[in-house]
Amino acid sequence: MIDFELEPQSVNWLAIYHATAEQLMRPISRQYDENEHEEPRQFWQTSWAASRNTASAPDDRGPGGLRNLYTCLSTEELCWGDAGLFLSIPNPGLGGAAVMAAGTPEQKMRFLSRFRGGKPKWAAMAITEPGCGSDSAAITTTARREGDDWVINGTKIFCTAGLMSAEKSEGFVVVWATIDRSAGRAGIKPFVVEHSTPGMTVVRVENKLGIRASDTAMLSFDNCRVPFDHLLGSAEVTPAGGFKDVMATFDATRPIVAAMAIGVGRAALDFVRDFFEQNNVPLRYGISPRRLTAIERDFMEMETQLKAARLLTWRAAWMLDSGMRNNLEASMAKAKAGKAVTLITQKAVELLGPLGYSRKELVEKWMRDAKINDIFEGTQQINQLIVARRILGYSSKELN
Ligand SMILES: Cc1cc2nc3c(=O)[nH]c(=O)nc-3n(C[C@H](O)[C@H](O)[C@H](O)COP(=O)(O)OP(=O)(O)OC[C@H]3O[C@@H](n4cnc5c(N)ncnc54)[C@H](O)[C@@H]3O)c2cc1C
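Everything numeric here is computed off the predicted structure, so don't read it as measured data. (Residues numbered from 1 in each chain as written. Predicted model: local features only at pLDDT ≥ 70, side-chain atom pairs only at ≥ 80, totals over all residues. Heavy atoms only, no water.)

## Comments concerning the nonpolar core
- Met-25 and Phe-86 are the most contacted members of the largest nonpolar core, which totals 51 residues.
- The set of elements that each furnish at least two residues to this core consists of helix H1 (8–34), helix H2 (41–51), helix H3 (67–81), helix H4 (83–88), helix H8 (243–278), helix H9 (294–321), helix H10 (327–352) and helix H12 (363–370).
- With 11 residues, H8 is the largest single contributor of residues to this core.
- Other than its neighbours up to four places away in sequence, Met-25 contacts Thr-20, Phe-43, Leu-78, Gly-81, Asp-82, Leu-85, Phe-86 and Ile-89. (Core = buried A, V, L, I, M, F, W, Y, C linked by side-chain atoms within 4.5 Å. Buried < 20%, exposed > 50% of the residue type's maximum accessible area, 1.4 Å probe, protein only. Helix = DSSP H or I, 4+ residues; strand = E, 2+ residues; numbered from the N terminus. Contact = heavy atoms within 4.5 Å.)

This is the structure in structure tokens:
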């Protein structure tokens, strides 16, 4: 049996996220867009305190063990509020996802338990380098064994929450580095580098088109020494380990990024619908397509794209929760949602005319915030490539 209805407990739980988005995020959205590197400290304190209020929130596994699906649902609500502020919320983030995907049970406990208390904390994941983005197997950052330590050298760019994780909180950065260049992909391993570790430096923080409330940092690692057991998982170089953990991390994070896109798209759709209602522009459902106005067609196309992306996203997350391999579905959801939100927000600006383009409203901001969903966690093209490979049965060497 298939059931897409949420039970009442979950509806109430999502209403809390919606209220957070509406009452805490929307009112400060413009301020932190215009002042890119200003820190929304009050918002961080409130969201950090709320995330630890486990009495009213579902447990870590989510209702029915659907942790990933429920993360997608809450992500959509919060990104309806503001995607940049969402990414700035203190939490384990992408670094935590890498620990979950690659760490041993003991490492998960050791590195993630800190997010249950104390001051706000962040964790980031650093894969991208000046010479490698989409082709993440071409990582050149190295980790060399020296006694009981690893010594990391290299440069990472475009690291989300890099500044907060590396310098400004008691968080950490998961750095992907090769321990054996000759082994290719199999030699690539994730390392937890604790905040303020000597040798790790924040070189700069980027100025960006969108999601400007989120810090994006360039980090350098110069003889940065970490304990041996900060390598997540096994240090053994086998074809089954290493780079496969990068992919496993993406299988978990791509549905969440898709949910982010859906939240931004829904914000734009809701705004346009309200505007039409207030200005007596009809949206007639259930009539022959031949009688629809161009505006009605556009709007219904936007709605259709959003709903299709949402269903793909829920499926990808549900498969992960059910212990199924979701590599294909995670990329499908990410590719579809990135494309959908780009179309929806551009159309929203178009349909609203000068109001859409004006900074008076947030629609132009949502259009800028939307584009990142086509770039990080695998670009639109890379996710389409993965989908094609999986459907046609090609390896990454055969189709690239
Ligand atoms: C705001 C922001 C936050 C980010 N956060 C993180 C983070 O937290 N951690 C992290 O590690 N990285 C992060 N990134 C980096 C991001 O993951 C990369 O930008 C992305 O993987 C693309 O890599 P690239 O920029 O080097 O582009 P390239 O790989 O150089 O690609 C350029 C263009 O070519 C296309 N292309 C490349 N290869 C192919 C191919 N085989 N077939 C067809 N088209 C292709 C791409 O789709 C793209 O359109 C972030 C980036 C941004 C902008």
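This is not the end of the story, as more comes after the structure.
## A few points about the pairing of strand S1 (residues 123–126)
- Along S1, one buried face is formed by Ala-123 and Met-125 and the opposite face, lined by Ala-124 and Ala-126, is buried too.
- Both S1 and strand S4 (residues 172–178) contribute to a ladder of 4 bridges, which runs parallel. Of the residues in S4, the one forming a bridge with Ala-123 is Phe-172. (Pairing = 2+ DSSP bridges.)

## Some thoughts on the confidence of the model for the protein chain
- Of all residues in the protein chain, 96% attain a pLDDT of 70 or more, and the chain-wide mean is 94.
- For residues 54–59, every residue scores under 50 in pLDDT, and the model assigns this stretch 5 contacts once sequence neighbours within four places are set aside. (pLDDT = per-residue confidence, 0-100.)

## Side note on the packing of aromatic side chains
- The tally for this structure, following the rule as stated, stands at 10 aromatic pairs.
- Relative to Phe-276, the ring of Phe-275 lies with its centre 6.4 Å away and its plane at 55°, an arrangement referred to as tilted.
- Put simply, the rings of Trp-13, Tyr-17 and Tyr-70 pair up and form one aromatic cluster.
- Here Arg-26 stacks its cationic end above the ring of Trp-80, 3.8 Å away from the centre of that ring. (Phe/Tyr/Trp six-rings, centres within 6.5 Å; stacked < 30°, edge-to-face > 60°. Lys NZ or Arg CZ within 6 Å of the ring centre and 35° of its normal.)

## Description of unusual backbone geometry
- In this model, Ser-196 sits at a positive phi of 60°, which is unusual for a non-glycine residue.
- Relative to the helices and strands, Ser-196 resides in the loop between strand S5 (188–194) and strand S6 (200–205).
- Phi is positive for Ile-211, which is not a glycine, with a value near 35°.
- With respect to the element layout, Ile-211 can be found in the loop between S6 and strand S7 (216–227).

## Looking at the site of the ligand
- Around the ligand, the surrounding shell holds 22 residues, and the nearest of these are Thr-128, Ser-134, Phe-158, Thr-379 and Gln-381.
- The backbone of Phe-158 places a nitrogen or oxygen atom 2.8 Å from a nitrogen atom of the ligand.
- Separating an oxygen atom of the ligand from a side-chain N or O atom of Gln-381 is a distance of 2.7 Å.
- In isolation the ligand exposes 970 Å². Once the protein is present, 65% of that is buried.
- Considered class by class, the residues forming the shell around the ligand number 12 nonpolar, 8 polar and 2 charged. (Near = heavy atom within 4 Å. Polar contact = N/O pair within 3.5 Å; in protein donor to acceptor, adjacent residues only side chain to side chain. Areas by Shrake-Rupley, 256 points an atom, 1.4 Å probe, with all protein chains shown as cover. Nonpolar A, V, L, I, M, F, W, Y, C, P; charged D, E, K, R; others polar.)

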